[in-house]
Each structure stands twice: as structure tokens, then as C-alpha cells.
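Observations on chain architecture
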Amino acid sequence: MAWTKYQLFLAGLMLTTGSINTLSAKWADMFNAKGCQEEPERPFSHPFLQAVGMFLGEFCCLAAFYILICHDKRRPEPRVNRGQSFNPFLFFPPAMCDMTATSIMYVALNMTSASSFQMLRGAVIIFTGLLSVAFLGRRLAPNQWIGIFITILGLVIVGLADFISGNKDSSHKLSDVITGDLLIIMAQIIVSVQMVLEEKFVYTHDVHPLRAVGTEGFFGFFVLSLLLIPMYFIPVGNFANNPRHVLEDALDAFCQIGHQPLILLALLGNTVSIAFFNFAGISVTKEISATTRMVLDSLRTLVIWVVSLALGWEHFHGLQVLGFLVLLVGTALYNGLHRPLLARIPCCARFANEDDDGSGERERLLNDGRVQTGDNS
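Residues numbered from 1 in each chain as written. Predicted model: local features only at pLDDT ≥ 70, side-chain atom pairs only at ≥ 80, totals over all residues. Heavy atoms only, no water.

**Considering the packing of helix α8 (residues 209–231) against helix α10 (residues 262–287)**
Note the following rule: Every angle, taken between N-to-C directions, lies between 0 and 180 degrees, and every axis is a line fitted to C-alpha atoms, over only the stretch in contact when it is a helix. Here a strand is any run of E in DSSP of at least two residues, a helix any run of H or I of at least four, and the numbering for each starts at the N terminus. In these notes the angle categories are as follows: under 35 degrees is roughly parallel, over 145 is roughly antiparallel, 65 to 115 is roughly perpendicular, and the rest is oblique. Rotating anticlockwise by less than a right angle from the far helix to the near helix defines a left-handed crossing, while the corresponding clockwise rotation defines a right-handed one. Residue contacts follow a heavy-atom distance rule, with two residues in contact if any of their heavy atoms lie within 4.5 Å.
Look at α8 against α10: their axes get within 10 Å of each other, and the N-to-C directions meet at 150°. If you check the angle between α8 and α10, you find them roughly antiparallel. As for the relative orientation of α8 and α10, their crossing is right-handed in sense. Residues P209, L210 and V213 of α8 touch α10, and the partners they reach there are N278, F279 and I282.

**Remarks on the packing of aromatic side chains**
In this description, an aromatic ring pair is defined by two values, namely the gap between the centres and the angle between the planes. Here is the rule: For Phe, Tyr and Trp, rings pair up if their centres lie within 6.5 Å, where Trp contributes its six-membered ring, and each pair is then called stacked (planes under 30 degrees apart), edge-to-face (over 60) or tilted (otherwise). Remark: exposure states derive from per-residue accessible area (1.4 Å probe, protein chains only) relative to the maximum for the residue type, with buried under 20%, exposed over 50%, and partly exposed in between. For a ring to carry a charge above it, either NZ of a lysine or CZ of an arginine must fall within 6 Å of the ring centroid while also lying within 35 degrees of the normal to the ring plane.
Going through the model one piece at a time under the given rule, you end up with twelve aromatic pairs. Look at W27 and F31: their rings are 5.1 Å apart centre to centre, the planes differ by 50°, and that puts the pair in the tilted class. A relative accessible area of 30% means that W27 is categorised as partly exposed. Pairing F92 with F219 gives two aromatic rings, centres 5.4 Å apart and planes at 90°, and the pair type is edge-to-face. With F92 in helix α3 (residues 92–109) and F219 in helix α8, the pair connects residues that are 127 residues apart, well separated along the chain. In this structure an aromatic cluster arises from ring pairing among F59, F89, F92, F218, F219, F221 and F222. If you follow R244 out to its NZ or CZ, it ends over the ring of Y232, 4.0 Å from the centre.

**As for unusual backbone geometry**
We note that H245 has phi near 55°; this positive angle belongs to a residue other than glycine. Here H245 is to be found in the loop between α8 and α9 (250–259).

Now the structure itself:
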């Protein structure tokens, strides 16, 4: 069935805003500006402040939810399912996981390329799959195990590409690239814990997706904003690229923004794009399918890589292309994207449903639009 203009718009919005989200964060990292003291220009390196902006974008989804409800009340027959009442603190544990993982990933983005950052995030399916077996009692289908092993192979190839390029690339030291890649993998472990917590305690409640994303954004924004105060006084040596060598110097960040206003544009791009990306992703799931959303998310990695090459932010590496393709195959197998292809082949049609064990329920929830699957960055 052909897509409507509205569906095309949603797909384009999701792909565009998802790409802008990572690219704008990387763009902010590439600026050089003076700080609060009389000193030479230096890179803008404030990952925790960037994470606060990202959560502000998610928090905006809560405002969008209430605007949607107010608009729906004016209709003769309300169409929006507001969901049941729930304890908002159910979202606090996953929000703290989200906050920790997002902060780590923004630290890592300072150390590695935007394309590697996006590709290595594919590791989340490995840890999510293993934790769902251990804590949710789920039995993974054969195609999911194969997808996990192929994803591991893809991660090794991408890591090897970064190792080789790190010796030639002057923008990032080899030690920084390796550290950044490892931090991204570490962050995916925390993201997988977040997903398991959400599935175990949150998905059993009928919560509107925008409200779910916004509630987690609320907790993440306010908790991390408060944490900026002690971070201003915690010394971390050369780990931090600010004059006082503290975990986060928010005042220095605002001084750099004052000297280079384009940094503010990049930060606003990150904040606004995450809000629209979550909205578009939820709408694509409801209006088209969860499978389409997965495909668009994979295409986002390709867009980020192509734009980074076009802007001269990184150099072309054939090994990275191979790694991306292998990761794409692993993700597709894990999420069951091979089933429509098998169903079209008469001799393989019976295999299309045999390996669907456990993931069908999640697919149903996604298509109902009740599962929060917002992005971390």
C-alpha cells in the first residue's frame, strides 16, 4: 500500500531530526571559543550541559502531550487515549539510567567521530537481549541470537576501523578514540538496563508515549541540572577540558557561548531535534509500523556518516562501511526484518513465523503506540 503524504512527512521528519540530533551535538563540540578568563580559544567541551539540553527537549514532549489533550477536548468525540493514572516515580529509575548513559555518550562524542558514535550504539541490542533473558525470563529466538553475534562482529570491525583511522586522524588522538568507543559501549549497557526496567515496571501501565518520554525528560532535566552544582567543584584533572579541570564548568560554557553564539544554535538544534524526533518516531510507529521505524533509525546512521564526510569532519574508511553493513544485518535479524522476505519465498515461508518467539508482543505494543522508545541523543 502506498504511503500517504502525511506518512511520508513523518518518515522524513524522523530521519531528518534524528540525524540533526547527533550532528548538532558534534557541531557544538567542534567549536573553539574563549572562556571566562583571558586565555586562548579552546574547544567547547561541556558534555553534561549538552545532556541537560537534550533532556529539556524530552521534557518538551510533556508539554506537547497536554497541548494535544487540550486540543482533543474541543472535539465532539475525543480520540486521544490519555491512559490510566500512574505513579510518575515509576519513571525515575529508567530516567536515571537514561541520564547516566546520555552523559557518558556526550563525553564519548568529544573523543570519537559522529558516525562511529552512531554505529557503536547498535551494541544496545546485545545487552538488551542478554538482560531480557536473565531478568525478564524471555527466550530469544534463533534469529535474535544470530543477530547478536553478527552485531558483535560489526562492532569489532567498526572498532578496528577507528583504531586504524586514529593513527592517521589529527582531530582525535588514538587513545581518545579508543576511550570514546569503550565509553559508548559502556553506555549501551546502561541503556539496556533502562529498557529492561521500562519493560518490567512501566510498559504494564497504559501510558501515552509522549507522556512517558516527557516524564523521563522531566526527571532527567531537573536532576542533572542540580548535579551541575557539585560538578562545578569536583576536580578530575586532565579528564576535563576546562580551565579549572572540574567535572563540568557550566559558567565557562556560558562564557564560551557568549564569545561564539553559533554554539547556542548548535545546542538549540540538539534540544529541538530530540523533541521532534521523539514525536516523529512515535507517530511513525502508530501511522506506519514499528519495522519502518527501525529501518529509518538505521538510515539515520547512514545520513550522519555521509554528512560528516561531506563536511570534512572525518575521512572515508572502507572498513567502516563494512562495519556499518554488518551492523545493519545484525540489527535487521534481531528485529525480525528478514521475515517479510522469507514470507515471499514459498519454500521458506514456514520459517518466517517459526523464529518469532517473544518479540511479537513487543511489536504489538509498539504498534499500539504505548511503548516509549525515545532516543537518548
